[in-house]
Amino acid sequence: MDTETQMPDSDGNCESNSGSPRYRLSFLIFVFVFFMERDVADLNIHTTTSSATSTIDKVIKKVVQKIAATFAPRASTATKNPAVPGTALYTVFEVQGYASMLLGGALSFNFIFPSNEPDIWRLMGMWSIWMFTIPSLRARDCSKNEKEALNYLFLLIPLLNVLIPLFLKSFSVVWSADTITFFGMYAWKLGWLQKSE
């Protein structure tokens, strides 16, 4: 089966259709800029390059954390997270997260429920990392660095899924880009590539 089928718009034309309206992208950008401006106004930014870079980094982290805390799924109560490392619930969330990533890849590459036309299965596969993997991994009681990586991914993945189809209309390419971004973010935030002295 063809794995690079174009995604038609609502009129049947092969225009970009990422499964999420473009206004959501505009809204996310607006929220990011809003929080960024508000936090910059609250800080005393120094003139030195190192302190300015450090301040910008802190502002970005704070903004990402606020947006993710506002829009990402979270517990409805203030009780302690029972999904701590070593528990069955922690393992369930972890397996669920990575299994949904693999299943999404199989759907995106048209291996499961093959079709010559774009359909809901391939669309779900393309969005699987954002809809299932990230929420499952965020539900665990993970380290600060991993939580930060997942917060960044929660904002980056929708941007990729909206922007990539503007240039390349392929479910499998979008899923592949999401996967590379996912592991790249983990490598950066968790220091996978740092050499141990």
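These figures come from a predicted structure and were not determined experimentally.

1. What to know about the overall build of the chain
- For the chain, the helix and strand inventory stands at six helices and zero strands.
- Out of the 197 residues in the chain, the part that is buried amounts to 38%.
- The long-range share in the chain, meaning contacts at least 24 apart out of those at least 6 apart in sequence, stands at 72%.

2. A look at the side chain of T133
- Relative to the helices and strands, T133 resides in helix α4 (residues 120-138).
- Exposure remark for T133: the relative accessible area of 0% places this residue in the buried category.
- Here the side chain of T133 touches G97 through a polar contact of 2.9 Å, landing on its backbone oxygen.

3. Re helix α3 (residues 88-108)
- With 21 residues, α3 ought to run about 30 Å at 1.5 Å a step, and its terminal C-alpha atoms sit 30 Å apart, in line with that.
- Residues Y90, F93, G97, S100, M101, G104, G105, A106, L107 and S108 constitute the buried set of α3.
- Those residues of α3 that are buried are in contact with α4 and α6 (171-189).

4. With respect to a nonpolar patch on the surface
- A surface patch of nonpolar side chains, amounting to about 410 Å² of accessible area, comprises L163, L166, F167 and L168.
- Inspection of the secondary structure puts F167 in helix α5 (residues 144-167).

5. Comments concerning the packing of α3 against α4
- Between α3 and α4, the least distance of the axes is 8 Å, while the angle of their chain directions is 165°. In terms of orientation, α3 lies roughly antiparallel with respect to α4. For the pair α3 and α4, the sense of crossing is left-handed. Contacts between α3 and α4 involve F93, E94, Q96, G97, Y98, S100, M101, G104, L107 and S108 from the former and W121, R122, G125, M126, S128, I129, F132, T133, S136 and L137 from the latter.
- Here the residues of the contact of α3 with α4 are counted per class, giving nine nonpolar, nine polar and two charged.

6. A look at α5
- The terminal C-alpha atoms of α5, which comprises 24 residues, lie 35 Å apart, in line with the 34 Å expected from a rise of 1.5 Å per residue.
- A bend of about 25° at F154 is the largest found in α5, and the proline P158 appears one to four places after it.

7. A look at the packing of α4 against α5
- Contact pair α4 / α5: the axes reach a minimum separation of 10 Å and the direction vectors enclose 165°. The pairing of α4 with α5 is recorded here as roughly antiparallel in orientation. Handedness of the crossing formed by α4 with α5: left-handed. Across the interface between the two elements, M126, W127, W130, I134, L137 and R138 of α4 pack against K147, L150, N151, L153, F154, I157, P158 and N161 of α5.
- The residue makeup of the contact of α4 with α5, split by class, is ten nonpolar, two polar and two charged.

8. Quick word on the nonpolar core
- Counting residues in hydrophobic clusters, the biggest one holds 16 residues, and the most contacted among them are I129, I134, L150, L153, F182 and Y186.
- Among the elements that take part in this core, α5 stands out by supplying seven residues, more than any other.
- When near neighbours in sequence (up to four residues on either side) are disregarded, L150 contacts I134, L137, R138, C142, F182 and Y186.
- The next biggest cluster of nonpolar side chains, apart from the first, holds six residues, and it includes M126, W127, F171 and A177.

9. Quick look at the confidence of the model for the chain
- Taken over all residues, the pLDDT of the chain has a mean of 77, while the share at 70 or more is 62%.
- In this model, residues 7-19 is a region of pLDDT below 50 whose contacts with residues beyond four sequence positions or in other chains number 33 contacts.

10. A look at the packing of aromatic side chains
- Applying the stated rule across the entire model yields ten aromatic pairs.
- Seen from their ring centres, F109 and W175 are 6.0 Å apart, and the 80° between their planes marks the pair as edge-to-face. On the criterion of sequence distance, the pair formed by F109 in the loop between α3 and α4 and W175 in helix α6 is long-range, its members being 66 residues apart.
- On the numbers, 5.4 Å between centres and 25° between planes, the contact of W130 with F154 is stacked. One end of the pair, W130, is in helix α4; the other, F154, is in helix α5, with 24 residues separating them in the sequence.
- When its relative accessible area of 26% is taken as the criterion, W130 is described as partly exposed.
- Look at F154 and you get buried, because its relative accessible area is 8%.
- One aromatic cluster is present, formed by Y98, F182, F183, Y186 and W192 through successive ring pairs.

Calculation criteria
- Residues numbered from 1 in each chain as written.
- Predicted model: local features only at pLDDT ≥ 70, side-chain atom pairs only at ≥ 80, totals over all residues.
- Heavy atoms only, no water.
- Helix = DSSP H or I, 4+ residues; strand = E, 2+ residues; numbered from the N terminus.
- Buried < 20%, exposed > 50% of the residue type's maximum accessible area, 1.4 Å probe, protein only.
- Contact = heavy atoms within 4.5 Å.
- Polar contact = N/O pair within 3.5 Å; in protein donor to acceptor, adjacent residues only side chain to side chain.
- Expected span 1.5 Å × (residues − 1).
- Patch = residues over 30% accessible without salt bridge, like charges linked within 9 Å, V, L, I, M, F, W, Y side chains within 5 Å.
- Areas by Shrake-Rupley, 256 points an atom, 1.4 Å probe, with all protein chains shown as cover.
- Salt bridge = Lys/Arg side-chain N within 4 Å of Asp/Glu carboxyl O.
- Axes fitted to C-alpha atoms, helices over the stretch in contact; angles between N-to-C directions.
- Parallel < 35°, antiparallel > 145°, perpendicular 65-115°, else oblique.
- Left-handed = near helix turned anticlockwise from the far one by under 90°.
- Nonpolar A, V, L, I, M, F, W, Y, C, P; charged D, E, K, R; others polar.
- Bend = angle between axes of the 7 residues up to and from the residue.
- Core = buried A, V, L, I, M, F, W, Y, C linked by side-chain atoms within 4.5 Å.
- pLDDT = per-residue confidence, 0-100.
- Phe/Tyr/Trp six-rings, centres within 6.5 Å; stacked < 30°, edge-to-face > 60°.

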